[in-house]
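Secondary and tertiary structure notes
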Amino acid sequence: MKLYFDGLFEELLPGIRAIVTELGIELESDHALEENEGIKVVVGRASDGLEVGYMPGERTACIRYERKHQFYRGLGLVVQHARKGESLMRVEKQQFDTIGPMFDLSRNGVLTVDAFKTMLNRMALMGLNTVMLYMEDTYAIEGEPYFGYMRGRYSAAELKEIDDYADMFGIEAFPSIQTLAHLEEFLKWEPVKGYKDTKGALLVGDERVDQLVERMIHSASAPFRSRKIHIGMDEAEELGRGKYLDRYGYADRIDIMTGHLNKALGVTRRLGLKSMMWSDMFLKLAVGNGGTESDYYNTDTKIPEEMASRIPKDVDMVYWDYVHMEPEHYASVIANHRPLGCNLVFAGAVWIFNTFGVNYGMSLNASDVALQACKREGIREAYATMWGDDGNEGNPFAALLGLQLYAEHAYSEEKPDWSVVAERAKFCTGIEADAYLLMKDLDEVPGSEPDNRKQSNPSKFLLYQDVLLGLFDFQIDGLPLNAHYAALEEKLQNARVESASLDWIFDVPQKLSGVLKHKSELGLRLKRAYDNGDMATLRHAATEAIPAIAAAVNELRIAHRTQWMKMFKPFGWEVLDIRYGGVINRLDTAAVRLLAYASGELDRIEELEQERLPFSTVNRFNGKGIGWSSHYYRMASPNVFFHVMNPF
């Protein structure tokens with residue numbers, strides 16, 4: 001397809017050149033139109049929103065935009081409709097001033113600059129206009145060599161390159177850091193123990209900590225054009241309970257929080273930065289019983305006037321909610337925030353955390369409800385978080401369908417029609433919506449709740465659980481999981497389009513399904529055979545089934561390594577290499593022990609003598625799905641992986 005732009009503004013050319021190859025576009029001079037080739041695109045300014053039109057017979061299009069990022073959405077719409085020979089006349093007013101993803105760059109997976117650029121290309125076509133970089137310790141601070149040490153931290157030059165590329169599309173990139181808690185990966189180093197209150201929280205009130213926070217804020221913000229920064233401060237329940245308590249004695253956590261917040265804001269004000277922070281600690285502390293996540297979502301929570309009066313008003317509060325599907329819930333919790341007197345921002349999620357897949361059943365439904373509620377309540381800024389908890393087995397590129405939903409909400413007063421979301425996702429990413437949705441079936445298996453609303457993550461625990469110990473076997477007993485994964489493997493294979501540039505995102509799900517179609521129920525089969533004295537089955541498992549599964553796990557490992565190196569810096573992959581090695585080695589040990597027992601060398605297998613118990617109260621027998629675990633080491637073994645004598 002050839003396009004000639006009339007009235008093009010110089011600021012748009014770099015972005016056009018960055019995405020024309022992906023779109024299959026050639027830029028032509030006006031002469032091409034005389035030869036009955038190409039489309040003339042008239043570009044101009046609009047006073048309010050985006051106006052796009054295309055007339056196939058006349059081979060003309062127009063894009064009028066108010067804000068720079070809207071032009072690239074308009075360009076995508078023109079190309080999308082021109083390819084189909086469809087006329088187009090659309091006026092869109094942006095319902096959120098700011099909307100885009102938050103990428104977790106702190107839990108092993110640090111996107112390379114090139115991968116970030118690929119993501120930004122897709123975001124530009126969608127019409128998203130911001131990206132938050134969540135970096136706990138993965139940015140460089142001069143004079144702090146242990147900050148992000150061996151963790152793939154970004155240099156200032158790398159962050160500037162990401163920012164430059166984002167700005168080319170009118171996308172605002174900005175840092176999200178932690179200035180209080182969630183700093184375990186930095187504070188674990190012995191040479192920096194002077195900064196530590198507890199294992200993850202800074203020692204508030206210490207002059208060296210105040211200086212560190214100032215350097216954090218300066219180092220994280222300096223590479224970016226944006227004057228916006230997220231200073232974190234969430235989930236700091238341990239605050240003041242470690243060295244702080246020894247040094248200063250007991251203090252109310254609201255006093256510690258507000259005192260530290262005011263110091264951090266003093267820095268951001270001096271640097272001319274606009275701050276935001278997670279809101280959960282204030283709502284948790286308002287309940288007054290220690291502060292839990294359920295307190296945060298308690299619709300009856302009331303912010304005391306005395307607390308509200310002490311909270312600075314020039315910091316935006318970010319209300320995060322990833323799971324609820326009731327409109328009245330969002331309305332109530334938003335109302336709970338109002339007494340704080342701060343501008344309110346919303347953060348939802350595309351669930352790629354603690355799974356190999358994407359929990360689209362929960363993500364799409366919860367996001368639909370949340371974004372509609374935000375529109376009604378006048379919230380003008382929204383983010384789609386993509387956390388990488390516990391090793392980051394997930395894939396942010398597999399979450400692009402979720403980002404497309406956020407984009408379409410941003411340009412629609414009502415809930416966007418799913419057919420529009422699906423069609424736009426296919427154009428912007430090259431992948432069919434139905435293919436993305438297969439990712440949910442890695443976890444939405446027989447026995448799960450509808451839309452996997454209880455967040456079961458069998459794609460992870462069925463891979464990592466030991467076949468002799470069978471920690472989750474009680475919870476999956478009687479479910480046809482082998483058959484489920486065999487069918488999913490075939491569906492994934494059939495959904496692939498080799499020519500699509502993002503087709504690689506299906507490699508790991510497909511190979512994981514190939515492992516789980518044999519491994520899911522193996523522990524149950526071994527336990528039954530052992531209890532029944534079925535030596536033939538045990539011998540076959542040892543000599544045939546287990547070696548075949550181990551070979552499939554290694555193929556999965558290789559595919560996952562390829563995927564990792566395509567997206568992320570190499571730091572952090574060693575964790576998954578070790579996990580895969582653990583699975584393979586434990587399979588080998590299982591085969592050796594089974595064969596020894598079947599041959600009479602062992603008189604019993606103690607692991608298979610044990611009764612199988614529920615892993616936790618999160619199971620299908622009480623309507624909570626087939627199980628959930630947040631930690632690999634708990635999936636792999638009930639025994640001690642590490643023991644910390646003094647967590648502070």
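All of these numbers come straight from a predicted model, not from anything done at the bench. (Residues numbered from 1 in each chain as written. Predicted model: local features only at pLDDT ≥ 70, side-chain atom pairs only at ≥ 80, totals over all residues. Heavy atoms only, no water.)

The next subject is the overall build of the chain. Scanning the chain from N- to C-terminus turns up 26 helices and 14 strands. Counting the 648 residues in the chain, one finds 59% classified as buried. The contacts of the chain with a sequence gap of at least 6 include a subset with a gap of at least 24, amounting to 76%. Of the roughly 24,900 Å² of accessible surface on the chain, a fraction of 50% belongs to carbon and sulfur atoms. Averaging the locations of the 72 positively and 95 negatively charged side chains of the chain gives two centres separated by 2 Å. (Helix = DSSP H or I, 4+ residues; strand = E, 2+ residues; numbered from the N terminus. Buried < 20%, exposed > 50% of the residue type's maximum accessible area, 1.4 Å probe, protein only. Contact = heavy atoms within 4.5 Å. Areas by Shrake-Rupley, 256 points an atom, 1.4 Å probe, with all protein chains shown as cover. Lys, Arg positive; Asp, Glu negative; His and termini not counted. Charge placed at Lys NZ, Arg CZ, Asp CG, Glu CD.)

Bringing the sheet that holds strand E5 (residues 60-65) into the picture now. The sheet built from six strands is open, its strands ordered E2-E1-E3-E5-E4-E6 with mixed pairing. Two strands bound the open sheet, and with one partner strand each, they are strand E2 (26-27) and strand E6 (88-92). Examined bridge by bridge, strand E3 (residues 39-45) and E5 share six bridges and lie parallel to one another. When the sheet's bridge partners are listed, Arg-45 is paired in E5 with Tyr-65. Each of strand E1 (2-6), E3, strand E4 (50-55), E5 and E6 touches helix H3 (residues 68-84); the most contacted strand, E4, lies at about 20° to it. (Pairing = 2+ DSSP bridges. Axes fitted to C-alpha atoms, helices over the stretch in contact; angles between N-to-C directions.)

Glancing now at the side chain of Gln-510. Note that Gln-510 resides in helix H21 (residues 507-519). On the basis of relative accessible area, Gln-510 is assigned to the buried category, the value being 13%. Side chain to side chain, Gln-510 and Gln-493 meet in a polar contact 2.6 Å long. Look past the residues within four positions of Gln-510 in its chain and what remains in contact with it is Glu-489, Leu-492, Gln-493 and Arg-496. (Polar contact = N/O pair within 3.5 Å; in protein donor to acceptor, adjacent residues only side chain to side chain.)

A contiguous nonpolar patch, built from Tyr-149, Met-150 and Phe-571 and spanning about 290 Å² of accessible area, is present on the exposed surface. Secondary-structure assignment places Phe-571 in the loop between helix H23 (535-567) and helix H24 (573-598). Accessibility expressed as a relative area gives 34% for Phe-571, which makes it partly exposed. (Patch = residues over 30% accessible without salt bridge, like charges linked within 9 Å, V, L, I, M, F, W, Y side chains within 5 Å. Salt bridge = Lys/Arg side-chain N within 4 Å of Asp/Glu carboxyl O.)

Let us look at the pattern of salt bridges. Counting across every chain of the model gives 55 salt bridges. In this structure, Glu-161 engages Lys-117 in a salt bridge whose closest nitrogen and oxygen atoms are separated by 2.7 Å. Taken as a pair, Glu-161 in helix H5 (residues 156-168) and Lys-117 in helix H4 (residues 113-126) lie far apart in primary sequence, 44 residues in all. Residues joined by salt bridges that share partners form a network here, namely Arg-73, Arg-90, Glu-92, Glu-408 and Arg-424.

A separate point is the packing of aromatic side chains. Aromatic ring pairs are defined here through the distance separating the ring centres and the angle between the ring planes. According to the stated counting rule, one finds 40 aromatic pairs in the structure shown. Geometrically, the ring pair formed by Phe-71 and Tyr-72 is edge-to-face, given 5.1 Å between the ring centres and 85° between the ring planes. What makes Phe-71 buried here is its relative accessible area of 0%. Looking at Tyr-72, the relative accessible area reads 0%, which means it is buried. For the ring pair Tyr-330 and Phe-346, a centre distance of 6.0 Å and an interplane angle of 80° mean the geometry is edge-to-face. (Phe/Tyr/Trp six-rings, centres within 6.5 Å; stacked < 30°, edge-to-face > 60°.)

In contact at an axis separation of 8 Å, H23 and H24 are set at 170° when each is read in the N-to-C sense. Considering their axes alone, H23 and H24 lie roughly antiparallel with respect to each other. Looking at the contact of H23 with H24 residue by residue, the class counts come to 23 nonpolar, three polar and four charged. (Parallel < 35°, antiparallel > 145°, perpendicular 65-115°, else oblique. Nonpolar A, V, L, I, M, F, W, Y, C, P; charged D, E, K, R; others polar.)

This part is about the pairing of strand E12 (residues 315-320). Looking down a regular strand, the side chains alternate between one sheet face and the other. Across the six residues of E12, six count as buried, placing the element largely inside the fold. In E12, alternate side chains face the same way, and those of Val-315, Met-317 and Tyr-319 on one face and Asp-316, Val-318 and Trp-320 on the other are all buried. Two strands pair when backbone bridges link them, and strand E11 (residues 274-278) and E12 are joined in this way by four bridges, in the parallel orientation. When the sheet's bridge partners are listed, Met-277 is paired in E12 with Met-317. Tracing the backbone out of E12, into helix H13 (residues 327-337) and back to the parallel element strand E13 (residues 344-349) gives a crossover that is right-handed. (Right-handed = clockwise from strand over helix to strand, strands pointing away.)

Tracing the backbone shows Glu-449 in the loop between helix H17 (433-437) and helix H18 (458-464). A C-alpha to C-alpha distance of 42 Å links Glu-449 and Met-89, two positions 360 residues apart in sequence. Setting aside chain neighbours within four positions, we find Glu-449 in contact with Lys-454, Gly-623, Lys-624 and Gly-625.

The interhelical angle for the contact between helix H15 (residues 400-410) and helix H16 (residues 418-429), taken along N-to-C directions, is 120°, at an axis separation of 9 Å. It follows from the interaxial angle that H15 and H16 lie oblique. Crossing hand, H15 versus H16: right-handed. Residues Leu-400, Leu-401, Gln-404, Leu-405 and Glu-408 of H15 touch H16, and the partners they reach there are Trp-418, Val-420, Val-421, Arg-424, Ala-425, Cys-428 and Thr-429. When the residues that make up the contact of H15 with H16 are grouped by side-chain class, the tally is eight nonpolar, two polar and two charged. (Left-handed = near helix turned anticlockwise from the far one by under 90°.)

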